[in-house]
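# Summary of the model geometry
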Amino acid sequence: RPITLAGTTRHHGFHDSISVADPTDGAWIYQDPTTGIIYGRTRNNSVGSITGTGYLLVTNTWYCEKIVVNANATRVDFYLYNNAGALLWTDNLIANIPTGAGREVGHIVVTTNSGIVAVLLDDLDYLSMIIPDLRPNV
């Protein structure tokens, strides 16, 4: 539930940064601090992509963000749902998905604000990560 949009940057997903700076590697939902619009982003060794569409968040509204990386890491799907479970936005990226040695990422939520006065940024209710077992049955 975003509380403050103006000047707020959100990096929610899989990446390797805990600051306002863009991650070196990752696949995450990003909020533009000027517009309040979220986009899907990927970066591989500092080379990035951003989805062609986005969604304008509304403050004090509960959302559910979902990021799905396919089994061979060639596509990342981004989803945003409302509190009732209705799909509000989706898009995907197939470029600059980090893979291989040195491109490791974590499940990280970072929200920062450029203001000089402390403000509330987000309410988080639930966070999960599911990794399916893709090994063939033997």
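Residues numbered from 1 in each chain as written. Predicted model: local features only at pLDDT ≥ 70, side-chain atom pairs only at ≥ 80, totals over all residues. Heavy atoms only, no water.

## Comments concerning the packing of aromatic side chains
If you walk through the whole model with that rule in mind, you get 2 aromatic pairs. Note on Y55 and Y63: the rings are 6.3 Å apart at their centroids and 75° apart in plane angle, and the pair reads as edge-to-face. By relative accessible area, which is 23% here, Y55 ends up partly exposed. For Y63, a relative accessible area of 16% translates into the label buried. Seen from their ring centres, Y79 and Y81 are 6.2 Å apart, and the 20° between their planes marks the pair as stacked. A cation over a ring is seen here: R41 above Y30, with NZ or CZ 4.8 Å from the ring centre. (Phe/Tyr/Trp six-rings, centres within 6.5 Å; stacked < 30°, edge-to-face > 60°. Buried < 20%, exposed > 50% of the residue type's maximum accessible area, 1.4 Å probe, protein only. Lys NZ or Arg CZ within 6 Å of the ring centre and 35° of its normal.)

## Some points on the sheet that holds strand β6 (residues 63-69)
In spatial order, the strands read β6-β7-β8; together these 3 strands make up an open sheet with antiparallel pairing. If you trace the sheet from one side to the other, it starts and ends with β6 and β8 (87-93), each paired once. Going across the sheet, the axis of each strand differs from the next one's by a mean of 15°, ignoring polarity. The sheet contact formed by β6 and strand β7 (residues 76-82) spans 7 bridges and is antiparallel. If you follow Y63 over to β7, its bridge partner there is N82. (Pairing = 2+ DSSP bridges. Helix = DSSP H or I, 4+ residues; strand = E, 2+ residues; numbered from the N terminus. Axes fitted to C-alpha atoms, helices over the stretch in contact; angles between N-to-C directions.)

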